[in-house]
Amino acid sequence: MSGASGAIVAKIRSMYGWRLTPSDYDEMIAGDSVARYLSNIPTYSDATRSLGISVGRRALEDAVRRARFSEFERLLRFEITVGGKLAGYIISTVEVETILRALYAITPGVVDPPGSGSFTGSAYIDSHLSFDVDEVLGARTVKEIAKAVGASRYRKILDAFPEDADAVDFIKAEAALRAEYYTGAVALFEDEKGGTAYPEIARMLRDRIDLENVAAAYRLKKYFQPSPDDVLSAMIPGGGMKRGTAEAMAKADGADGVIAAARADREMRKLLTVLDRCRTVDEAPVRRVFYESCRLIRYSQSSAAVTASYYNVVSVECDNIIKIIEGKRYGIPPDAIREMLITDEGR
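Basis of the calculations
Residues numbered from 1 in each chain as written. Predicted model: local features only at pLDDT ≥ 70, side-chain atom pairs only at ≥ 80, totals over all residues. Heavy atoms only, no water. Phe/Tyr/Trp six-rings, centres within 6.5 Å; stacked < 30°, edge-to-face > 60°. Helix = DSSP H or I, 4+ residues; strand = E, 2+ residues; numbered from the N terminus. Buried < 20%, exposed > 50% of the residue type's maximum accessible area, 1.4 Å probe, protein only. Axes fitted to C-alpha atoms, helices over the stretch in contact; angles between N-to-C directions. Parallel < 35°, antiparallel > 145°, perpendicular 65-115°, else oblique. Left-handed = near helix turned anticlockwise from the far one by under 90°. Contact = heavy atoms within 4.5 Å. Nonpolar A, V, L, I, M, F, W, Y, C, P; charged D, E, K, R; others polar.

Undergrad: Provide a residue-level description of the packing of aromatic side chains, including the pertinent values.
TA: Throughout the structure, instances matching the rule amount to 6 aromatic pairs. Plain terms: the ring middles of Y89 and Y311 are 5.9 Å apart, the flat faces sit at 75° to each other, and that makes the pair edge-to-face. Of this pair, Y89 sits in helix 6 (residues 85–106) while Y311 sits in helix 18 (residues 303–329); the two residues are 222 residues apart in sequence, bridging distant segments of the chain. Assigned by exposure class, Y89 and Y311 land together as buried. Ring pairing ties together the aromatic residues F69, Y89, Y181, Y182 and Y311, which thus form one cluster.

Undergrad: How would you sum up the packing of helix 17 (residues 284–299) against helix 18? Please name residues and give values.
TA: Here helix 17 crosses helix 18 at 135°, and the two axes come no closer than 8 Å. Overall, the two elements helix 17 and helix 18 adopt an arrangement that is oblique. Two packed elements cross with a definite hand, and for helix 17 against helix 18 that hand is left-handed. Residue-level contacts link V286, V289, F290, S293, C294, L296 and I297 of helix 17 to V306, S309, Y310, N312, V313 and V316 of helix 18. Of the residues contributing to the contact of helix 17 with helix 18, the split by class is 10 nonpolar, 3 polar and no charged.

Undergrad: Residue-level account of the packing of helix 2 (residues 22–30) against helix 18, with values.
TA: Where helix 2 meets helix 18, the closest approach of the two axes is 10 Å, and the angle between their N-to-C directions is 20°. Judged by the inter-axis angle, helix 2 sits roughly parallel to helix 18. The element helix 2 and its partner helix 18 pack so that their crossing is right-handed. Contacts from Y25, M28, I29 and A30 in helix 2 reach E317, N320, I321, I324 and K328 in helix 18. Each residue belonging to the contact of helix 2 with helix 18 can be placed in one class, and the counts come to 6 nonpolar, 1 polar and 2 charged.

Printed below as a string of structure tokens:
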């Protein structure tokens with residue numbers, strides 16, 4: 001590891017040491033104001049200090065996201081200038097999440113659509129996306145979203161969206177968008193095959209793809225009556241799952257049958273042990289990536305892997321805070337809120 005890479009790894013590990021701990025979450029859950037608590041935390045103080053105690057949920061959640069991306073904005077200003085890989089990784093993540101935010105807002109049956117504001121709250125990051133954020137989030141049909149993304153690599157996916165789309169079609173579109181993202185994310189690190197970054201990041205991404213495919217199949221079987229082809233077309237390519245396992249999941253009887261079919265594969269059975277710590281199947285991909293990211297931050301010697309992992313960990317921390325905000329708003333018992341959180345068990 002070069003001196004520069006070693007310095008980056010050391011810096012990220014130091015930054016990780018200042019992230020929120022389970023005791024911080026406990027204090028937020030027990031306290032009378034999440035906004036007040038965050039205003040005294042260095043990484044969130046700038047974004048939340050001016051907010052009142054009775055700030056609305058959306059405004060507080062947006063402030064948390066701004067805090068999340070303000071930290072990475074400083075890094076990206078340097079990375080974008082020198083053509084670093086983390087810039088491409090974060091920007092492609094934001095692009096897909098922005099398009100998905102626009103799709104969720106118009107998906108049939110969604111009872112609590114996301115806010116219409118920027119996903120990042122960072123004008124600098126948004127200015128480096130391949131499309132205009134306001135145009136995408138202001139769209140009211142899939143065709144309008146497709147037009148808004150312009151000539152970006154997501155256009156072909158949205159153009160293929162059927163006129164008479166139903167909820168299953170939206171799930172397929174999400175899978176296609178995430179597939180485009182994962183393909184690009186792995187490609188960003190391909191020239192580091194001789195080192196440790198590529199295999200470490202690729203393994204983490206493949207595991208996430210496999211678990212997202214299990215979750216997608218489970219969701220389809222639980223809420224709809226999909227054909228096997230519907231299930232297969234909602235799966236993201238590029239994971240490590242055997243084709244036979246995917247087909248068995250697609251043909252399985254019901255949602256529980258999907259899990260049984262996946263567990264019949266020895267490699268998938270090992271991966272699905274993460275479900276023991278999940279409240280829902282949908283949590284599995286995020287938990288797996290989070291736990292692996294924590295491990296890489298501690299032990300990897302690759303600056304690219306450690307930095308990408310830090311981004312993943314901060315993303316989960318942001319989601320944890322939002323879960324606390326929403327849990328308190330809806331009067332969920334403290335213990336139940338704690339069960340929703342994803343935390344580093346080694347801290």
